[in-house]
Amino acid sequence: MLVLLVEYLHVLGAVVILGTGIGIAFFMLMAHRTGDAAFIAKTAEVVGVADFVFTLSAALLQPVTGSVLMWLSSTSITERWLMTALALYVIAGAFWVPVVFMQIEMRDLARIAVTGGTPLPPRYHALYRRWFLFGIPGFGAVMTILWLMLAKPF
């Protein structure tokens, strides 16, 4: 019963990380496409909260539940699929952390544009492109981890 509970929490954490990430990406993309600085600022504010409430809490829970599952199943950390998944987890985090700061800066730049009645500055557009590009390896790593956890291919 304990194994099932921990597995459930581990899978739930993975779903939250992936689902929140996809949701945040969708809403930021849709807001950006409007070109409306006020809408972008509000959207970036809300997705920033979602990142901290959902993504961060799930990302912190994953190593805990994963470690408990390793212990309960006597799985060695030296298994190749697990070492690969852990390396990808670090890579995903290395792309996610800067994205959070990019979202905060994009939000602030959009707020300044609204207050000043000016268009979004070039810095905003550069950050958006970088934010988008960082999402590709970040999501790719998370999706690959999910596959590794299910398939345990090697």
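Computed from a predicted structure; not experimentally measured.

Asker: If you had to explain the environment of G19 to someone new, which residues and values would you point to?
Answerer: Its location among the elements puts G19 in helix α1 (residues 2-34). What makes G19 partly exposed here is its relative accessible area of 41%. It is 23 Å that separates the C-alpha atoms of G19 and E105, two residues lying 86 residues apart in sequence.

Asker: Summarise the pattern of salt bridges; cite the residues concerned and give the values.
Answerer: Under the counting rule described, the total for this entry stands at five salt bridges. As a salt-bridge pair, E45 and K42 come within 3.5 Å of each other at their nearest N and O atoms. With a gap of three residues between them, E45 and K42 both fall in helix α2 (residues 37-73), about one helical turn apart. On the basis of relative accessibility, which here comes to 28%, the residue E45 falls in the partly exposed class. On the basis of relative accessible area, K42 is assigned to the partly exposed category, the value being 46%. Overlapping salt bridges bring together K42, E45, R107, D108 and R111 as one network.

Asker: If you had to explain the environment of D36 to someone new, which residues and values would you point to?
Answerer: Structurally, the position occupied by D36 is in the loop between α1 and α2. Residue class for D36 comes out partly exposed when judged on its relative accessible area of 39%. A C-alpha to C-alpha distance of 8.8 Å links D36 and V114, two positions 78 residues apart in sequence.

Asker: Give me the lowdown on the packing of aromatic side chains, citing residues and values where you can.
Answerer: Under the counting rule described, the total for this entry stands at four aromatic pairs. Measuring from centroid to centroid gives 5.2 Å for F95 and F134, while their planes differ by 75°, and the two rings are edge-to-face. Residue F95 is located in helix α3 (residues 80-116), and its partner F134 is located in helix α4 (residues 122-151); the two are separated by 39 residues in the primary sequence. Aromatic side chains Y128 and F132 sit 6.5 Å apart centroid to centroid with 35° between the ring planes, which places their arrangement in the tilted category. Taken together, the residues span about one helical turn, with Y128 and F132 both in helix α4 at a distance of four residues. On the basis of relative accessibility, which here comes to 44%, the residue F132 falls in the partly exposed class. An aromatic cluster is present here, built from Y128, W131 and F132 joined pairwise through their rings. Taking NZ or CZ as reference, K152 lies 5.0 Å from the ring centre of W81, over its face.

Asker: Any details on the nonpolar core? Residues and values, ideally.
Answerer: By size, the foremost hydrophobic cluster in this structure holds 20 residues, and its most contacted members are M28, I40, M106, A110, L120, Y124 and W131. Among the secondary structure elements, those contributing two or more residues to this core are α1, α2, α3 and α4. Residue contacts for Y124: discarding those within four places in its chain leaves H32, I40, M106 and L109. Counting residues in hydrophobic clusters, the runner-up holds 13 residues, among them L18, A92, V142 and L148.

Asker: Describe the packing of α1 against α2, and please don't skip the residues or the numbers.
Answerer: Remark: α1 packs on α2, axes separated minimally by 8 Å, with the N-to-C direction vectors making an angle of 160°. What the angle tells us is that α1 and α2 run roughly antiparallel. The crossing of α1 and α2 is left-handed. The class makeup of the residues in the contact of α1 with α2 is 23 nonpolar, ten polar and two charged.

Asker: Tell me what's going on with α4, and back it up with residues and numbers.
Answerer: Between its first and last C-alpha, α4 extends 44 Å over 30 residues, near the 44 Å set by a 1.5 Å rise per residue. Along α4, the residues that are buried comprise Y124, L127, Y128, W131, G135, G138, A141, V142, I145 and L148. Elements that come into contact with the buried residues of α4 comprise α1, α2 and α3. Of the residues trailing α4, K152 is marked for its positive phi of about 40°.

How each quantity is defined
Residues numbered from 1 in each chain as written. Predicted model: local features only at pLDDT ≥ 70, side-chain atom pairs only at ≥ 80, totals over all residues. Heavy atoms only, no water. Helix = DSSP H or I, 4+ residues; strand = E, 2+ residues; numbered from the N terminus. Buried < 20%, exposed > 50% of the residue type's maximum accessible area, 1.4 Å probe, protein only. Salt bridge = Lys/Arg side-chain N within 4 Å of Asp/Glu carboxyl O. Phe/Tyr/Trp six-rings, centres within 6.5 Å; stacked < 30°, edge-to-face > 60°. Lys NZ or Arg CZ within 6 Å of the ring centre and 35° of its normal. Core = buried A, V, L, I, M, F, W, Y, C linked by side-chain atoms within 4.5 Å. Contact = heavy atoms within 4.5 Å. Axes fitted to C-alpha atoms, helices over the stretch in contact; angles between N-to-C directions. Parallel < 35°, antiparallel > 145°, perpendicular 65-115°, else oblique. Left-handed = near helix turned anticlockwise from the far one by under 90°. Nonpolar A, V, L, I, M, F, W, Y, C, P; charged D, E, K, R; others polar. Expected span 1.5 Å × (residues − 1).

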